[in-house]
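# Structural features, examined
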Amino acid sequence: MKYVFLFLLPAVWVLQACNGNFPKDPEKTLAKIQNDTLRVGYSENPPWIVKTAQEPAGLEADLVKAFAATIPTTIKWENDTEQNLLEKLEKDELHLVVAGITHDNPWKKQVSFTRPYAKQGKKKHVMAVIHGENAFIKKLEEFLYQQEAEIKKQIKP
Amino acid sequence: MKLLKSFEYPRELIPDFNKAKKLEWITIFYLLSTTALMYLVMGNSQAMKTAWFEDLLSLTPSISFLIASRIYHKAPNKNFPYGYHRVISIAYLCSSVALFAVGAFLVIDSVSTLLKAEHATIGIIVLFGKPIWLGYIMIAVLLYSSIPAVFLGRMKLPLAKKLHEKNLYTDAQMNKADWMTALAAIFGIVGIGMGWWWADATAALLISVDIIHDGFTNLKQAIFDLMDETPKTVNEQETDPLIGKVKALLAGKAWIRNCNIRLREEGHVYLGEGFVVPVSEENLTGHIEKAVKEIEELDWRIQEFVIMPVKELPSQSSA
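Throughout, residues of each chain are indexed from 1 in the direction in which the sequence is written. Key to labels: chains lettered from A, ligands numbered from 1, both in the order written. The predicted nature of this model means local features are confined to residues of pLDDT at least 70 and side-chain atom pairs, given and counted, to a pLDDT of 80 or more, with totals for whole chains, interfaces and linings taken over all residues.

Looking at an unreviewed UniProt entry, chain B carries the name Cation transporter, with the source organism given as Adhaeribacter soli. Taken verbatim from the UniProt record of chain B, the Subcellular location (unreviewed entry) comment is "Membrane". UniProt positions are given in the numbering used here, feature names are shortened, and annotations may be inferred rather than shown by experiment.

Under the annotation held in an unreviewed UniProt entry, chain A carries the name Transporter substrate-binding domain-containing protein and is attributed to Adhaeribacter soli.

Next comes the structure, spelled out in structure tokens:
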């Protein structure tokens, strides 16, 4: 009888899951982004992400812009080295970092990566995201999954 | 050299022993399947990693049981005049160390998660062309790794008591630890989904207290058994009432004025000595041989009992 609590929570969860907003963000990131901005760090890594005089360009920049339009929200771009950006991401000061990162990047222990959205040769490409904000991450991963076929056309094998 | 008798379980217990072996084989294959599945879906959830590690460790009692069961009944020989019974006690030690380690690992892991305030990320997985939140898949795998464990554990308990198999008993407790950690991990994943990053570690912490308790009790008993503590029962770790029966049998003999005994546990069986002060020396050898036979027939667990006639009881001998 000591472990009754273990069965109570799944019951609550079933109710939540039916409600449709599952999983949730511990820090309400997705809701905050809607009212504020999506803070994206980028570090040049052509052709994935290219620095220009104005907004960044390249495949990843396009993906992030299209994703922001689905929320909808505006993007606040921040340019720096990959190292500095990932350090900021680790401290939850950014929501997302794009820098042509691949799944075997050693930072994967400190920050969270999305599931690979593209493959070039043996390298699987990912984006680095704020950790534990699962509603936000799920939305981004679902978006990237929908774009997979389109992305494939743009990548040289 | 006087060798110990070769040992097999009494005929009526052989089916039970075979059933125990079968259960352990099932446990091994089942655990291997759950560890493989969990490895595939574990992602970077700490709760899942813990449950996975726990599953790997929980293979120890079943494997050590099966290894020991191939060795313990070998006939005693020149090099091992007492036979191979102790291998059971060694297997029991291995299992209880594993059980204790699972509990300790769980405590360290969940405390560190809480202190570092780690927020686990669980993303999506694409199954058959459909994106699904990985948490749902994890819960399904965890349910698979918990429900059969409940039944396996329950089936092992009565067999462990009948066979005087402490290793099997520990394994039953390990199965309990398995399903409890799996449920804790489910709790954790649902908690993560609710946005409660701490739920996972808190549930694991609560459950680890119970596992550590079981692990510690068994670890202590395994060490005591190897140190020749007086025999204890499998489940409650109480002094075996069989010792009292042996004492009473000797005390009831007219030719014995005074006596004292000691027994020790070697795996499934007991060995022991009795020191008796005879009333007279008339037909002493005959009396001793008859008493030994009666004692060894009291229970299959008494493998060998030696009676030593003395003029006075040695002081400080045990009850």
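Structure's up, so let's keep going.
## Quick look at the interface of chain A and chain B
Contacts are defined on C-beta atoms placed from the backbone: any two residues whose C-beta positions lie within 7 Å are in contact. Listed per partner, the contact involves 22 residues of chain A and 22 residues of chain B. Per the convention used, a helix needs a DSSP run of H or I reaching at least four residues, while a strand needs a run of E reaching at least two, with both numbered from the N terminus. Elements with a minimum of two residues in the side of chain A that touches chain B: α1 (5-19) and α5 (134-154) of chain A. By residue number, the principal contributor to the side of chain A that touches chain B is α5(A), which donates six residues. Looking at the side of chain A that touches chain B, its residues break down into 10 nonpolar, six polar and six charged. For this scheme, ten residues count as nonpolar: Ala, Val, Leu, Ile, Met, Phe, Trp, Tyr, Cys and Pro. Four count as charged, namely Asp, Glu, Lys and Arg, and the remainder, Gly too, count as polar.

## Focus: the domain arrangement of chain B
All names here are of chain B. The domain boundaries here were taken from an automatic or database domain assignment. Each domain of chain B was delimited in the assignment, giving domain 1 (11-226) and domain 2 (242-309). Spacing between the C-alpha centres of domain 1 and domain 2 amounts to 41 Å. Among the elements that take part in the side of domain 1 that touches domain 2, helix α4 (residues 86-116) stands out by supplying four residues, more than any other. Classifying every residue of the side of domain 1 that touches domain 2 gives five nonpolar, three polar and three charged.

## Examining the UniProt feature "transmembrane region" (unreviewed entry) in chain B
All names here are of chain B. Cross-referencing UniProt, the feature "transmembrane region" (unreviewed entry) maps to residues 23-41, 84-108, 133-153 and 179-199 in the present numbering. Summarising residues 23-41: 100% helix, 0% strand, and an end-to-end C-alpha distance of 27 Å. Helix makes up 95% of residues 133-153 and strand 5%, whereas the separation of the span's terminal C-alpha atoms amounts to 32 Å.

## Re the nonpolar core
Residue and element names in this part refer to chain B. A set of buried residues qualifies as a nonpolar core if it consists of Ala, Val, Leu, Ile, Met, Phe, Trp, Tyr and Cys joined through C-beta atoms within 7 Å. To sort residues by burial, count the other C-beta atoms lying within 10 Å of each one's C-beta; a count of 20 or more means buried, 12 or fewer means exposed, and anything in between means partly exposed. C-beta atoms are built from the backbone. Core analysis: the largest hydrophobic core is formed by 61 residues, its most contacted members being M138, L142, A184, A185, I186 and I189. Elements with a contribution of two residues or more to this core: α1 (14-41), α2 (46-57), α3 (59-71), α4, α5 (134-163), α6 (166-193) and α7 (199-226). Take this core: its biggest share by element is 16 residues, from α6. Among all residues touching A184, those that are not within four sequence positions of it are A203, A204 and I207.

## Some details on the packing of α1(B) against α3(B)
Residue and element names in this part refer to chain B. Angular values range over 0 to 180 degrees, each being the angle between N-to-C directions of two axes fitted as lines to C-alpha atoms, with helices fitted over their stretch in contact. α3 packs onto α1 with a crossing angle of 140° between their chain directions and a minimal axis gap of 9 Å. Here α1 is positioned oblique relative to α3, judged by the angle of their axes. Handedness of the crossing formed by α1 with α3: left-handed. Facing α1, whose interface residues are K21, E24, T27, I28 and L31, α3 presents L59, S62, I63, F65, L66 and S69. Each angle is binned into one of four classes, with values under 35 degrees roughly parallel, values over 145 roughly antiparallel, values of 65 to 115 roughly perpendicular, and all other values oblique. Crossing handedness follows the turn of the near helix against the far one: under a right angle anticlockwise gives a left-handed crossing, and clockwise gives a right-handed one.

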